[in-house]
Amino acid sequence: MPITFLPLPAEQFSSWMKRSTAEYIADLLATGVPDGKAREDAHTTMTRAFPYGLPSATNAVFTLESPALGNVGYLWSGCDSSGDPTSWWVWDIVIEAGHRGHGFGRQAMVLAEKYARSHGAQTLGLNVFGFNRAARGLYESLGYETTSVKMRKTL
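Calculation criteria
- Residues numbered from 1 in each chain as written.
- Predicted model: local features only at pLDDT ≥ 70, side-chain atom pairs only at ≥ 80, totals over all residues.
- Heavy atoms only, no water.
- Phe/Tyr/Trp six-rings, centres within 6.5 Å; stacked < 30°, edge-to-face > 60°.
- Helix = DSSP H or I, 4+ residues; strand = E, 2+ residues; numbered from the N terminus.
- Buried < 20%, exposed > 50% of the residue type's maximum accessible area, 1.4 Å probe, protein only.
- Core = buried A, V, L, I, M, F, W, Y, C linked by side-chain atoms within 4.5 Å.
- Contact = heavy atoms within 4.5 Å.

Caption draft 1: Quick look at the packing of aromatic side chains. Tallying each qualifying case throughout the model produces twelve aromatic pairs. For the pair Phe13 and Phe50, a centre-to-centre distance of 5.0 Å together with 70° between the ring planes defines the contact as edge-to-face. With Phe13 in helix H1 (residues 10-30) and Phe50 in the loop between helix H2 (35-49) and strand S2 (59-66), the pair connects residues that are 37 residues apart, well separated along the chain. Residue Phe13 shares its accessibility class with Phe50, and that shared class is buried. Through a chain of ring-to-ring contacts, three or more aromatic side chains come together here, namely Phe13, Trp16, Phe50, Tyr74, Trp76, Trp89 and Trp91.

Caption draft 2: Structural view of the nonpolar core. Counting 24 residues, the largest nonpolar core has Leu64, Leu75, Val90, Met109 and Tyr139 as the members making the most contacts within it. Those elements giving two or more residues to this core turn out to be S2, strand S3 (70-79), strand S4 (87-95), helix H3 (104-118), strand S5 (123-126) and helix H4 (133-141). Here this core takes six residues from H3, the largest share from any one element. Sequence-distant contacts of Leu64, that is, excluding residues within four places in its chain, are made with Ile3, Thr4, Phe5, Gly70, Asn71, Val72, Gly73, Tyr74, Leu75, Val94, Ile95 and Ala108. By size, the runner-up hydrophobic cluster in this structure holds eleven residues, among which are Leu8, Phe13, Trp16 and Val94.

Structure representation (structure tokens):
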């Protein structure tokens, strides 16, 4: 079942930003980041990415739409934080729980690659949390290579 990228409507941006921030905080907490630090990091990330409170061509948020199912998730992609306009990043991708395992994540990543390429990107990176094995397998199957590994042991 094919999906399309639709720019997130401006009137939905505030609620999307709250959701994305909350999910990022939850992911950070799951990796052991203390609550205050997780909230600060999430707030800093969102403020830096969306200083005017809206997406832009180089920091875009899309809904992932299926003709038969409607909205199956969202994807946020834009320039990475290196200052190199040819280096892009998938900052966030979510396929709604009821729609996972049907190839929507793979299609979304292919669409993200096309979008980034159309805006001058030569590379597309992303972060995947260690606990998200399914996502890591998807990205590896699409040709993404591990560029760093962060490890920690609780003492």
